[in-house]
Amino acid sequence: MKLKLKKLACAVLSSTAAILAAPAAHADFISFEAVTNVVTPTLSAGDTIYTGGQSFKDSGFKMTVNDSAFWQSLGASGQAGAIFDGSNPASCNQAFSCPSGNLSHYFGGENDGSITIMRDGGVGFFSLSSLNFAFLAPLGGLPDGVYGQLRLTGLLTDGSTVTAARDFAGQDQGGNFQFANWLLDPEFSRLNLSSLTIDACMFDGAGNCLNDASAPVFLAQFAVDDLQVEVPLPGTAPLMLLGMAGLAAIRRRRAQ
């Protein structure tokens, strides 16, 4: 009996050690380069335009574009986001001032809108470690400065929420607002998120950063790209639980 127990203990410990040594998650980027639309959006000058409530998919995630609090308070809906082409200088110049420092496709939150990200199918969690972001200026010719922040609101698997915010970068030498990289703090990047909502807020004269139904509308706009996300590897959690159950059984037998 002791020999069998010893063999079982060695097998469980070896399996558990292998699980712990193996990568626990798969890293990927949401890059907006291979978008699949859930609802056919509007096309304008080659850009893909979304109204509130419309969704698209990319890299195993579903993104839903949300109307601003102002539009929601009126029970109305409007243009709340678009996918722009950074390699095309005219991509967003018809309505906004394109940010610099990105020659690929990126998502732009428009008119105080936001975007909510979750795993495709709505099941499972993920984590976020970094992203690129910029101020999507509502018009050109603005003086250089920090006009607002990008905000992250994460819904955790236990139902609680967590928030983080970062100031937008200023302008380049050509007067264009620039993309910047945001490396999330370890405390945030380790969190298991059921969903993540991204929006922007604008500073008022008192230093408050606002984006609600009472704030000025059509100013809080943002661009995001290359969200580095991690999802658990298939089967990792069940195997870990099996290993832990085996160790518990060993401890119970030793106590008898």
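Use the structure listed above.
Here the residue numbering is sequential within each chain, running from 1 through the sequence in written order. Since the coordinates come from a predicted model, pLDDT governs what is reported: local features require at least 70, and pairs of side-chain atoms require 80 or more to be given and counted, while whole-chain, interface and lining totals use all residues. Neither water nor hydrogens contribute to the side-chain values; these are computed over all heavy atoms in the structure.

Go over the overall build of the protein chain, please, and point to the residues and values.
Runs of H or I in DSSP of at least four residues are treated as helices and runs of E of at least two as strands, each being numbered from the N terminus. A count of helical and extended segments in the protein chain gives four helices and 16 strands. The 256 residues of the protein chain split such that 40% are buried. Long-range contacts, defined as pairs at least 24 residues apart, comprise 74% of the intrachain contacts of the protein chain with a sequence gap of at least 6. By element, 57% of the accessible surface of the protein chain is carried by carbon and sulfur atoms, the whole surface being about 13,000 Å². For every residue, the accessible area obtained with a 1.4 Å probe (protein chains only) is divided by the maximum for its type, and the residue is called buried under 20%, exposed over 50%, and partly exposed between those limits. The contact definition used throughout considers only heavy atoms, calling two residues in contact when any of these lie within 4.5 Å. Computed by Shrake-Rupley with a 1.4 Å probe, the accessible areas treat only the displayed protein chains as cover when residues are assessed.

Which residues make up the nonpolar core, and what are the values?
Inside soluble globular proteins, nonpolar side chains tend to come together where they are buried. As used here, the term nonpolar core means buried Ala, Val, Leu, Ile, Met, Phe, Trp, Tyr and Cys residues forming a set that is joined through side-chain atoms within 4.5 Å. Within the largest apolar cluster, 38 residues are counted, with the highest numbers of intra-cluster contacts made by Leu150, Ile198 and Val224. For this core, the elements supplying multiple residues, two or more each, are strand S6 (61–66), strand S7 (79–85), strand S9 (114–119), strand S10 (127–135), strand S11 (148–156), strand S14 (193–203) and strand S16 (222–232). With near-sequence residues (within four places) excluded, Ile198 lies in contact with Ser114, Ile115, Ile117, Leu150, Arg151, Leu152, Phe222, Val224 and Leu227. Membership of the second largest hydrophobic core comes to eleven residues, among which are Phe84, Phe96, Cys98 and Ala134.

Summarise unusual backbone geometry; cite the residues concerned and give the values.
When glycine is set aside, most residues are seen to have a negative phi, and most peptide bonds are trans. With a phi close to 65°, Phe32 is a non-glycine residue in the positive phi region. For Phe32, the location among the structural elements is in the loop between strand S1 (25–30) and strand S2 (36–37). The buried category is assigned to Phe32, whose relative accessible area is 3%. Here Asp226, not a glycine, exhibits a phi torsion of approximately 50°, which is positive.

Hey, could you go over the state of the cysteines for me, with residue numbers and the actual values?
Cysteine sulfur atoms are paired as a disulfide whenever they come within 2.5 Å of each other. Tallying each qualifying case throughout the model produces one disulfide. Between Cys201 and Cys209 runs a disulfide, and the two sulfur atoms are separated by 2.0 Å. Classification of the bridge connecting Cys201 and Cys209 rests on its S-S torsion, roughly 95°, and on that basis the disulfide is right-handed.

Give a detailed account of the environment of Gly108, specifying residues and quantitative values.
Along the polypeptide, Gly108 turns up in strand S8 (residues 105–109). Residue classification places Gly108 among the buried positions, given a relative accessible area of 0%. When sequence neighbours within four positions are dropped, the list of residues in contact with Gly108 reads Ala80, Gly81, Ala82, Phe84, Leu136, Phe222 and Ala223.

Tell me about the side chain of Asp58, residues and numbers included.
Inspection of the secondary structure assignment puts Asp58 in strand S5 (residues 55–58). Here the positive residues are Lys and Arg and the negative ones are Asp and Glu; neither His nor the chain ends is included. What counts as a salt bridge is simple: a side-chain nitrogen of Lys or Arg found within 4 Å of a carboxyl oxygen of Asp or Glu. The buried charged residue Asp58 lacks any salt bridge partner; its closest oppositely charged side chain belongs to Lys57, at an N-O distance of 12 Å. The residues contacting Asp58, other than those within four sequence positions of it, are Ile30, Ser31, Phe32, Glu33, Ala34, Val35 and Met63.

I'd like to hear about the pattern of salt bridges, residue by residue, with values.
For the structure on display, the rule yields two salt bridges. A salt bridge links Lys57 to Asp120; its shortest N-O distance comes to 3.3 Å. Highlighted residues: Lys57 in strand S5 and Asp120 in the loop between S9 and S10, separated in sequence by 63 residues. A salt bridge links Arg151 to Asp199; the nearest nitrogen and oxygen atoms lie 2.8 Å apart. Of the two residues, Arg151 sits in strand S11 while Asp199 sits in strand S14, which places them 48 residues apart along the sequence. Assessed through its relative accessible area of 23%, Arg151 is described here as partly exposed.

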